[in-house]
Amino acid sequence: MKIATYNVNGINGRLPRLLEWLEESQPDIACLQEIKTSNETFPLEAIHGAGYGAIWSGQKSYNGVAILARDATPVERLRELPGGVDDTHSRYIEAEVDGVVVASLYLPNGNPQPGPRFDYKLAWFERFNQHAKSLLKEKRPVVLAGDYNVVPTDFDIYDTRSWLNDALLQPESRAAYAALLKQGWTDAIRAKHPDERIYTFWDYLRNRWPRNAGLRIDHLLLSPDLAAHLVDANVDREQRGKEKASDHAPTWVVLG
DNA sequence: ATGACTTTCACCGAAAGA
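Since the structure is predicted, the reported quantities are computational estimates derived from the model, not experimental observations. (Residues numbered from 1 in each chain as written. Chains lettered and ligands numbered in written order. Predicted model: local features only at pLDDT ≥ 70, side-chain atom pairs only at ≥ 80, totals over all residues. Heavy atoms only, no water.)

Visitor: What is the right way to read the sheet that holds strand β9 (residues 186-187) from this model?
Guide: Backbone hydrogen bonds hold the strands of a sheet together, and the pairing may be parallel or antiparallel. If you walk across this open sheet you meet the 6 strands as β5-β6-β7-β8-β10-β9, and the pairing is mixed. Two strands in the sheet have a free side with no partner beyond their single neighbour: β5 (75-78) and β9. Of the strand pairs in this sheet, strand β8 (residues 142-147) and strand β10 (residues 218-222) are connected by 5 bridges, and their pairing is antiparallel. When the bridges of β10 are listed, Ala 145 appears paired with Leu 220. This element, helix α3 (residues 116-137), spans β5, β6 (92-97), β7 (100-106) and β8 of the sheet and lies at about 20 degrees to β6. Helix-sheet contacts for helix α4 (residues 171-182) involve β9 and β10, and the interaxial angle to β10 is about 25 degrees. (Pairing = 2+ DSSP bridges. Helix = DSSP H or I, 4+ residues; strand = E, 2+ residues; numbered from the N terminus. Contact = heavy atoms within 4.5 Å. Axes fitted to C-alpha atoms, helices over the stretch in contact; angles between N-to-C directions.)

Visitor: Hey, could you run me through α4 in this one?
Guide: Residues lying three or four places apart along an α-helix face the same way, a consequence of the helix completing one turn every 3.6 residues. Between its terminal C-alpha atoms α4 stretches 16 Å, which fits the 16 Å expected from 12 residues at 1.5 Å a residue. Each element contacted by the buried residues of α4 is listed here: α3, β9 and β10. (Expected span 1.5 Å × (residues − 1).)

Visitor: I keep staring at the environment of Val 100 and nothing clicks. Help me out?
Guide: Mapping Val 100 onto the fold places it in strand β7. What makes Val 100 buried here is its relative accessible area of 7%. Sequence separation of Val 100 and Val 143 is 43 residues, and the distance between their C-alpha atoms is 7.5 Å. (Buried < 20%, exposed > 50% of the residue type's maximum accessible area, 1.4 Å probe, protein only.)

Visitor: Would you explain the pairing of β7 in this entry?
Guide: Every other side chain in a regular strand lies on the same face of the sheet, so the side chains alternate between the two faces. Counting buried residues in β7 gives 7 out of 7 residues, a clear majority hidden from the surface. Burial along β7 is two-sided: the residues Val 100, Val 102, Ser 104 and Tyr 106 and Val 101, Ala 103 and Leu 105 are all buried. In this structure, β6 lies alongside β7, joined through 6 bridges in antiparallel fashion. Considered in β7, the bridge of Val 97 is made with Val 100. The hairpin turn running from β6 into β7, its antiparallel successor, is 2 residues long, and Asp 98 in that turn takes a positive phi close to 55 degrees. The pairing of β7 with β8 spans 6 bridges and is parallel. Along β8, the bridge assignment pairs Val 101 with Val 142. Following the backbone out of β7, through α3 and into the adjacent parallel β8, one traces a crossover that is right-handed. (Right-handed = clockwise from strand over helix to strand, strands pointing away.)

See the structure below:
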């Protein structure tokens, strides 16, 4: 089973790229972030045409997440992260597909920091970690896939110099991610490639794709039982080099 | 310190992204 996460940066504007990638990569499950569309304008017909069922939690202009499943419709479990009071952002959706619990999450960026946006990021992260803990208690196969907006270590970025004040590298952000892993989750890309620099995002600015000045911020976390079945994990880097590409590349795992 | 690039909405500039 192949499960992917892909921050599309606008699903309608990105639709040709998304459909090409689905055809080329053939994921069984695709978790999407930043669909940037209201629920009414989600391109369901095109997704169906590609052979996928879908559930989504949209929001006009910003945020928005979805879960696609090949030849199946994901069975929705949640369409928002529990514990949110006055949280109007569409950043979380969770479903069951083929016996696996799958979450598609879009963790807040948090810039500028310090400030209310960074406070929101850390609060959202804390809520997410609490929910993740409750998922582990279910003792079921779970994949937490998405754009975490965290560069876990200095090994996950080309160079820290331009990013030292960025919310993605702050000690608080990294501590929250480390605490999540410590619950028992496996960072699939890092588990499969412990000694390789791997990136999932290259900013549109400053020629960062041609320079391979990337960051690893899209992650797939596996529950302990699933981690034992990890066969492969990687990034579809070539998608980032296409015309009208998202600034993120699809990232995936294969579970045997 | 700022802006560079891209998407969205909506009306050509603003907001947000990371």
